[in-house]
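Chains, contacts and geometry: an overview
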Amino acid sequence: MIESGSSLGKIIARVGDLPAMPVVVAEVMALTANSEVALSEVSRVIERDPVLTAKLLKVSNSPYYGMRQVIGTLKLALVILGVREVRNIVVGVAVLDAVQDKDTEELLHKHGLWEHSTRVAALCKKLGAHAKGAFQGEDFIAGLLHDVG
């Protein structure tokens with residue numbers, strides 16, 4: 001039995017403080033479990049969350065994807081990113097949003113943690129591809145969330 005005063009006990013006790021996964025994120029996760037899902041179906045779900053839509057557009061317009069023109073629609077962003085990548089970004093965004101508070105907000109924006117995290121995520125993805133690992137986006141998520149905590 002784990003004592004409530006132990007470090008592990010404190011961590012387990014705090015798990016109850018974590019917010020539930022947003023409905024849109026849960027739906028995207030369920031849809032994208034099938035790699036053959038129609039992008040229009042994924043788009044319809046994501047469009048219900050303007051913040052998530054904006055973050056996906058921001059990522060698709062990042063230098064990592066090297067697009068010569070601005071990606072202005074969610075559907076085009078989904079085509080560029082692909083189902084697996086959209087799933088990974090949604091997970092990363094959900095985790096970052098779940099741990100966000102006033103201090104985290106300052107870190108993410110004022111101190112550039114969001115930009116740093118997306119750059120590290122892109123680098124991890126490139127390293128994963130170069131290493132020919134059997135990653136299915138875990139490399140990207142690990143890079144995105146490496147400073148969380």
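Structural data are supplied above this passage.
Now for a quick tour of the structure. (Residues numbered from 1 in each chain as written. Predicted model: local features only at pLDDT ≥ 70, side-chain atom pairs only at ≥ 80, totals over all residues. Heavy atoms only, no water.)

1. Details of helix α4 (residues 50-60)
When α4 is considered as a whole, its buried residues turn out to be L52, T53, L56, L57, V59 and S60. For α4, the arc enclosing every buried residue in end-on projection is 160 degrees, short of the 170-degree limit, so these residues lie on one face. (Buried < 20%, exposed > 50% of the residue type's maximum accessible area, 1.4 Å probe, protein only. Helix = DSSP H or I, 4+ residues; strand = E, 2+ residues; numbered from the N terminus. Arc of directions from axis to C-beta.)

2. Things to note about the packing of α4 against helix α5 (residues 74-81)
Here α4 crosses α5 at 50 degrees, and the two axes come no closer than 9 Å. On the basis of the axis angle, α4 is oblique to α5. Of the two possible hands of crossing, α4 and α5 adopt the one that is left-handed. Contacts from T53, L56, L57, V59 and S60 of α4 reach α5 at L74, A77 and L81. Tallied by class, the residues present in the contact of α4 with α5 amount to 6 nonpolar, 2 polar and no charged. (Axes fitted to C-alpha atoms, helices over the stretch in contact; angles between N-to-C directions. Parallel < 35°, antiparallel > 145°, perpendicular 65-115°, else oblique. Left-handed = near helix turned anticlockwise from the far one by under 90°. Contact = heavy atoms within 4.5 Å. Nonpolar A, V, L, I, M, F, W, Y, C, P; charged D, E, K, R; others polar.)

3. Looking at the packing of helix α2 (residues 23-32) against helix α3 (residues 39-46)
Across the interface, α2 lies against α3 with an axial gap of 9 Å and an inter-helix angle of 170 degrees. Here α3 runs roughly antiparallel to α2, going by the angle between their axes. For the pair α2 and α3, the contacting residues are V24, E27, V28, L31 and T32 in the first and E41, V42, V45 and I46 in the second. Partitioning the contact of α2 with α3 into residue classes produces 6 nonpolar, 1 polar and 2 charged.

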